[in-house]
Amino acid sequence: MILLFLLLLLIPYNVNATSSYLIDFQVTNGNLLTKFNEQNNLYTIKLEEEAETVEFTYKLKEDTSNIEIFDNHYEEDKENIMIIKVSNKEKTDYQTYTFYLEKEESTMTTSIEDTTNTLTITKQERSPFLAPSVILVCTLCIAVLFYVLIIRFFKKKVPNKKSPT
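Residues numbered from 1 in each chain as written. Predicted model: local features only at pLDDT ≥ 70, side-chain atom pairs only at ≥ 80, totals over all residues. Heavy atoms only, no water.

**Side note on the pairing of strand 3 (residues 42-47)**
Alright, step 1. Only one face of strand 3 is buried: it carries Tyr 43, Ile 45 and Leu 47, and the other face, with Leu 42, Thr 44 and Lys 46, is open.
Alright, step 2. Here strand 3 runs beside strand 7 (residues 94-103); their pairing, made up of 6 bridges, is parallel. Among the inter-strand pairings, Ile 45 is bridged to a residue of strand 7, identified as Leu 101. (Buried < 20%, exposed > 50% of the residue type's maximum accessible area, 1.4 Å probe, protein only. Helix = DSSP H or I, 4+ residues; strand = E, 2+ residues; numbered from the N terminus. Pairing = 2+ DSSP bridges.)

Written as structure tokens, this is what we have:
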């Protein structure tokens with residue numbers, strides 16, 4: 001037990017190890033898509049359409065902590081990542097926060113006005129009855145079919161009488 005106690009005294013203990021955190025992070029020219037949490041290290045920021053860099057405010061857990069910012073700019077056709085590294089005063093412990101940067105899609109609306117010409121479309125009412133020619137053709141087809149069926153199947157066959165010679 002005494003040996004364990006002496007061993008703990010000999011091993012340096014970093015009191016400031018928990019100080020390397022951001023406790024608040026706010027984006028002023030865009031939106032942080034998830035609520036900031038000091039234990040979460042991945043975020044996505046939607047920047048305003050005209051933004052070139054991320055403008056933000058932050059608070060450190062300890063005032064003596066150091067902060068380094070890498071790649072705080074947005075370029076088209078590139079994966080845009082901003083990295084913030086927070087380290088303690090001795091720079092022995094650090095926390096890294098990664099922010100994926102995206103631009104808000106612009107919603108362009110175009111209105112076209114032409115005051116010189118007016119296009120009017122009117123809907124013509126259709127007659128509820130079929131055209132007379134269609135009715136006539138259908139009637140003739142039914143009559144021919146009926147006549148063929150009657151003559152062909154119901155015609156009495158008269159036996160051919162041979163005369164006695």
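**Some remarks on the packing of aromatic side chains**
Alright, step 1. Here the structure, examined in full by the defined rule, presents 7 aromatic pairs.
Alright, step 2. Centre to centre, the rings of Phe 25 and Phe 99 are 4.5 Å apart; their planes meet at 20 degrees, and the pair counts as stacked. Residue Phe 25 is located in strand 1 (residues 22-27), and its partner Phe 99 is located in strand 7; the two are separated by 74 residues in the primary sequence. The residues Phe 25 and Phe 99 share a single accessibility class, namely buried.
Alright, step 3. Seen in terms of ring centroids, Phe 36 and Tyr 97 are 5.7 Å apart; in terms of plane orientation they differ by 45 degrees. Their pairing is tilted. Here Tyr 97 lies in strand 7 and Phe 36 lies in the loop between strand 2 (30-32) and strand 3, a separation of 61 residues in the sequence.
Alright, step 4. A residue is classified by how much of its surface remains accessible, and Phe 36, at 14% relative accessible area, is buried.
Alright, step 5. The structure contains a cluster of three or more aromatic residues connected by ring pairs, namely Phe 25, Phe 36, Tyr 43, Phe 56, Tyr 58, Tyr 97 and Phe 99.
Alright, step 6. Above the ring of Tyr 94, the side-chain terminus of Lys 85 is found at 4.5 Å from the ring centroid. (Phe/Tyr/Trp six-rings, centres within 6.5 Å; stacked < 30°, edge-to-face > 60°. Lys NZ or Arg CZ within 6 Å of the ring centre and 35° of its normal.)

**Some thoughts on the sheet that holds strand 2**
Alright, step 1. Here 5 strands make up an open sheet; going across it, the order is 2-3-7-6-5 and the pairing mixed. The sheet is open, and its two edges are formed by strand 2 and strand 5 (66-70), each paired on a single side. Taken over all neighbouring pairs, the strand axes of this sheet differ in orientation by 20 degrees on average, direction set aside. (Axes fitted to C-alpha atoms, helices over the stretch in contact; angles between N-to-C directions.)

**Re a negative patch on the surface**
Alright, step 1. A contiguous patch of negative charge on the surface is contributed by Glu 48, Glu 49, Glu 50, Glu 55 and Glu 104.
Alright, step 2. Mapped onto the elements of the fold, Glu 49 is located in the loop between strand 3 and strand 4 (56-60). (Patch = residues over 30% accessible without salt bridge, like charges linked within 9 Å, V, L, I, M, F, W, Y side chains within 5 Å. Areas by Shrake-Rupley, 256 points an atom, 1.4 Å probe, with all protein chains shown as cover. Salt bridge = Lys/Arg side-chain N within 4 Å of Asp/Glu carboxyl O. Lys, Arg positive; Asp, Glu negative; His and termini not counted. Charge placed at Lys NZ, Arg CZ, Asp CG, Glu CD.)

**What to know about the environment of Asn 41**
Alright, step 1. Inspection of the secondary structure puts Asn 41 in the loop between strand 2 and strand 3.
Alright, step 2. The class of Asn 41 is partly exposed, set by a relative accessible area of 24%.
Alright, step 3. Placed 57 residues apart in sequence, Asn 41 and Thr 98 show a C-alpha to C-alpha distance of 5.9 Å.
Alright, step 4. Once you skip the residues sitting within four places of it in the chain, Asn 41 turns out to touch Gln 95, Thr 96, Tyr 97 and Thr 98. (Contact = heavy atoms within 4.5 Å.)

**Description of the confidence of the model for the chain**
Alright, step 1. Averaged over the chain, the pLDDT score is 76; the fraction of residues at 70 or greater is 64%.
Alright, step 2. Here residues 3-17 scores under 50 on pLDDT; set against residues more than four positions off or in separate chains, the count is 8 contacts. (pLDDT = per-residue confidence, 0-100.)

**Here we look at the pairing of strand 6 (residues 81-87)**
Alright, step 1. Judged from the 5 bridges that link them, strand 5 and strand 6 form a sheet pairing that is antiparallel. In the strand pairing of strand 6, Ile 69 is matched with Ile 84.
Alright, step 2. Bridge count between strand 6 and strand 7: 7 bridges; the pairing is antiparallel. Its bridge partner lying in strand 7, Ile 84 is registered against Tyr 97.
Alright, step 3. Counting the residues between successive antiparallel strands, the hairpin from strand 6 to strand 7 contains 6 residues, one of them, Lys 91, with a positive phi of roughly 60 degrees.

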